[in-house]
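Reading the structure
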There are 2 protein chains.
Amino acid sequence: MGRAGKHPTISDVAERAGVSVPTVSRVLTGAARVSPAKREQVEAAIAELRFRPSAAARVLVSRKSRTIGVITGNTSRYGYAETIRGIEIAARAEGYTVMITVVESPDEDEVDRAVSATLTHALAGVVVLKFDPPGVAALQRLGDELPVVALSGTREAGVPQAVLDEAAAAEELTDHLLGLGHATVHHVRVPPSRRVDGRTTGWKRALRKAHAPVPPVFDATWDPRSGVAIGRALAADPDVTAVFCGNDEIAMGVMRGVAEAGKRVPEDLSVAGFDDHPLAELWSPPLTTAQQDFAGLGGRGFGLLLQAIDGTSDRRYSSERPKLVFRESTAAPKRR
Amino acid sequence: MGRAGKHPTISDVAERAGVSVPTVSRVLTGAARVSPAKREQVEAAIAELRFRPSAAARVLVSRKSRTIGVITGNTSRYGYAETIRGIEIAARAEGYTVMITVVESPDEDEVDRAVSATLTHALAGVVVLKFDPPGVAALQRLGDELPVVALSGTREAGVPQAVLDEAAAAEELTDHLLGLGHATVHHVRVPPSRRVDGRTTGWKRALRKAHAPVPPVFDATWDPRSGVAIGRALAADPDVTAVFCGNDEIAMGVMRGVAEAGKRVPEDLSVAGFDDHPLAELWSPPLTTAQQDFAGLGGRGFGLLLQAIDGTSDRRYSSERPKLVFRESTAAPKRR
DNA sequence: GTGAAAGCGCTAACAC
DNA sequence: GTGTTAGCGCTTTCAC
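Note that the structure is predicted; figures quoted are calculated from it, not measured. (Residues numbered from 1 in each chain as written. Chains lettered and ligands numbered in written order. Predicted model: local features only at pLDDT ≥ 70, side-chain atom pairs only at ≥ 80, totals over all residues. Heavy atoms only, no water.)

1. Comments concerning the overall build of chain A
Scanning chain A from N- to C-terminus turns up twelve helices and twelve strands. For a compact globule of 336 residues, the expected C-alpha radius of gyration is about 20 Å, and chain A comes in at 26 Å, more than 25% above that figure. The dimensions of chain A, computed from C-alpha atoms along their principal axes, are 90 × 40 × 35 Å. Residues counted as buried form 55% of the 336 residues belonging to chain A. In chain A, the share of contacts with a sequence separation of at least 24, taken over all contacts with a separation of at least 6, comes to 70%. (Helix = DSSP H or I, 4+ residues; strand = E, 2+ residues; numbered from the N terminus. Rg over C-alpha atoms; globule rule 2.2 N^0.38 Å. Buried < 20%, exposed > 50% of the residue type's maximum accessible area, 1.4 Å probe, protein only. Contact = heavy atoms within 4.5 Å.)

2. What to know about the sheet that holds strand β4 (residues 148-152) of chain A
Each strand in a sheet pairs with another by means of backbone hydrogen bonds, the pair being arranged parallel or else antiparallel. Strand order across the open sheet formed by twelve strands is β11(A)-β5(A)-β4(A)-β3(A)-β1(A)-β2(A)-β2(B)-β1(B)-β3(B)-β4(B)-β5(B)-β11(B), with mixed pairing between neighbours. The open sheet has two edge strands with one neighbour each: β11 (317-320) of chain A together with β11 (317-320) of chain B. Put simply, the sheet's adjacent strands are angled 20 degrees from each other on average, direction ignored. Where β4(A) meets strand β5 (residues 161-164) of chain A, three bridges bridge the pair, whose relative direction is parallel. Within the sheet, the bridge partner assigned to A:Leu151 lies in β5(A) and is A:Ala162. (Pairing = 2+ DSSP bridges. Axes fitted to C-alpha atoms, helices over the stretch in contact; angles between N-to-C directions.)

3. Some remarks on the interface of chain B and chain A
The partner chain A presents 48 residues to the 48 residues of chain B that form the contact. Taking both sides of the interface into account, the surface hidden between chain B and chain A amounts to around 4400 Å²; carbon and sulfur atoms contribute 59%. When residues of chain B are sorted by the area they lose upon contact with chain A, B:Arg52, B:Arg92 and B:Leu282 head the list and together hold 15% of the total. Joining chain B to chain A, the criterion identifies five salt bridges. (Buried area = accessible area lost by both parts, 1.4 Å probe. Salt bridge = Lys/Arg side-chain N within 4 Å of Asp/Glu carboxyl O.)

4. Structural notes on the layout of surface pockets
Each pocket or cavity is described by its volume, and for the second largest pocket that value is around 1200 Å³. Along its surface, the second largest pocket is lined by 46 residues, and A:Ser76, A:Tyr78, A:His277, B:Tyr78 and B:His277 are the ones closest to its centre. Contributing elements (two or more residues each) for the lining of the second largest pocket: α5 (78-93) and α12 (294-310) of chain A together with α5 (78-93) and α12 (294-310) of chain B. The element that contributes the greatest number of residues to the lining of the second largest pocket is α5(A), accounting for four residues. Classifying every residue of the lining of the second largest pocket by side-chain character gives 13 nonpolar, eleven polar and 22 charged. (1 Å grid on protein atoms, 1.4 Å probe; cavity = no way out; pocket = protein on both sides within 12 Å on 5 of 7 lines; lining within 4 Å. Points joined across faces, edges and corners; volume = space filled by probe spheres on them. Nonpolar A, V, L, I, M, F, W, Y, C, P; charged D, E, K, R; others polar.)

5. Here we look at the protein's contact with DNA strand C
Taken together, the neighbourhood of DNA strand C is formed by 27 residues, with A:Arg26, A:Arg63, B:Ile10, B:Ser25 and B:Arg58 sitting nearest. Put simply, 68% of the atoms of DNA strand C that lie within 4 Å of the protein are in sugar or phosphate. Contacts to DNA strand C include A:Ser35, whose side-chain N or O atom sits 2.7 Å from a phosphate oxygen. A distance of 2.2 Å is found between a phosphate oxygen of DNA strand C and a backbone nitrogen or oxygen belonging to B:Ile10. Every element with two or more residues in the surface near DNA strand C is listed here: α2 (21-29) and α4 (55-62) of chain A together with α2 (21-29) and α4 (55-62) of chain B. Counting residues per element, the surface near DNA strand C draws most heavily on α2(B), which supplies five residues. Across the surface near DNA strand C, the residue classes tally to twelve nonpolar, eight polar and seven charged. (Near = heavy atom within 4 Å. Polar contact = N/O pair within 3.5 Å; in protein donor to acceptor, adjacent residues only side chain to side chain.)

6. Topic: the pairing of strand β5 (residues 161-164) of chain B
All names here are of chain B. Here β5 shows two buried faces, one formed by Gln 161 and Val 163 and the other by Ala 162 and Leu 164. For β5 and β11, the ladder comprises four bridges, and the chain directions are parallel. From the neighbouring strand, Ala 162 faces β11, where its bridge partner is Ser 318.

7. A few points about the domain arrangement of chain A
The domain architecture assigned to chain A consists of domain 1 (1-53) and domain 2 (166-291). Measuring from the centre of the C-alpha atoms in domain 1 of chain A to the corresponding centre in domain 2 of chain A gives 61 Å. (Domains from an automatic or database assignment.)

8. Re the protein's contact with DNA strand D
Neighbouring DNA strand D are 28 residues; A:Ile10, A:Ser25, B:Arg26, B:Arg33 and B:Arg63 lie closest to it. By atom count, sugar and phosphate contribute 68% of the portion of DNA strand D lying within 4 Å of the protein. B:Lys38 is positioned such that a nitrogen or oxygen atom in its side chain is 3.4 Å from a phosphate oxygen of DNA strand D. Of all the elements in the fold, those that place two or more residues in the surface near DNA strand D are α2 and α4 of chain A together with α2 and α4 of chain B.

9. Details of the pattern of salt bridges
The full count for this structure, using the stated rule, is 51 salt bridges over all chains. Put simply, A:Arg264 and A:Glu267 hold a salt bridge, and the shortest N to O gap is 3.5 Å. Across the salt bridge formed by B:Arg199 and B:Asp275, the nearest N and O atoms sit 3.5 Å from each other. With B:Arg199 in helix α9 (residues 198-209) and B:Asp275 in the loop between β9 (270-272) and β10 (289-291), this residue pair connects regions lying 76 residues apart in the sequence. Residue class for B:Asp275 comes out buried when judged on its relative accessible area of 8%. In the salt-bridge network here, residues are joined through shared partners; they are A:Glu104, A:Glu110, A:Arg113, B:Glu88 and B:Arg92.

Written out as structure tokens, the structure reads:
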């Protein structure tokens, strides 16, 4: 039967349809009008041959790619995974494919490798998840060789970006705790991407505004278990009545530590999280938190990137504010 | 200053280094020996020009790609996200880049689009996450045009695959519950990828082996909240003393429903999950479950794919058994 | 509208 | 070892 297994090329299609190669190309790209008759012949030939154009050849000659890159720090943490999902869905809807590049540390070599991979592949553009130091470093190294959009929780100068206004939401959440009658609110921080962290900033702003004391910050890692020891320490301090955690998973760790220390949430201690993790509402007690639309963030980020690629618009910024969700993990403090 | 912004090509490098284009190519690929002197000149020119070879041109002529595809159903669910992370880490270590293609439904159009994207990009190979019907459909449609590896929880004929032996672990977990003195074990199933689901199969096998009655299965969705109503129903039935859930997130939903119905775990009801989700050990009470090494599964899958690509080996199968983790959500039933 | 010719940036094959 | 030549599969001029 001849060429079993071999992929047909555009000239196979042209031959079969009885037209020239450029005509097939025109049908494929829609770049120029083709007579209905020839168009039909070409489409028939494509279907019969199961022809698929080679992305490599197209990119090589047209210098236009339908693939975008995503540079990210960790693909499986909740916020990252959801953001990537949002990017992918938006990209897919526009016919783009997504290439993932993970950067685990801000080391020069690591970042260089990631940036090289991106540049080598002649991508249409890149979305950088700038939630952590590796993301920040990658962004800097990327230069202006191709369209780039950054995604994060804090506005910053430079490239176009989509953000979730963490500071505003953190401030509002702290206001809520203060409004319940707590003298102050303690804070457990997740690893910040830079010196200034939106969640911490908003928390501090609310305390200052209310003239409440600003207690020292507790630092957790990304591992929820790191919250357990912190929770125990917090429970042991009678001055602590309310805690705002950098994310829900840390809050869950903290609550476990509080429980191990024999205290109850929210009776002895109010705990608030951040993100609205899918398990936050199932936790006991259900967690008060700020709902972050990560998938939406990813979608807006891709939208911005698309505009940068097409040059159709010069919008460079998209911000959204997380919505607070009040559940049962926060309450008024006990009277003393 | 001339060509600002334009990417240098291999001939720019050749010119600058005073050698021919193929010599630069030899330095780049290491395909043939180059004299130390010329090699040095070439490397200097590459560094000065910040040259990066075009992946598109390379793929076009060599027909070898350093990009693999991952076809998956949902990138943000725990097991999927971890598996993808494992694939990416293993791929990165070998210099491969990962392209993600999401298939949300087993519809012909959806699957065709995903397969087309894969084929168009001339990938080195594809890893299919065959945990759900879309994955199964994609696998069938992929044909034998390029190396493919499937990842799942149940062994099956066909392409090379890496599996986590869910049935064995589920059986062992059910044995554990039965051994505690429960007359039987109820089961809440997550959406199965095919008619036969490893977790359900193992559960049933254990019950049959023990001559215990096989109660009707409860069907949950992937949303942990779907477990809540089921938990309430289970709590209302005095015959139910032990429940084995298809995954930890569903188990958490079930436990929430049980709590809402005023019953306690494990005193009134034992609940076991599956996966060892990062929050399982922080839950109250900490969850008895089967630890699945999803990242390891991804890594083994990539290893199998690499062998299929190189043809270095004809290993077609890699299986691992989840390890049971006994925590406090399971206990002996109350005496009646 | 359509075809002929050129060439994207690289590697493969073949001389020397 | 090294250079010359050819060509991967497409899109892009440019005639007609």
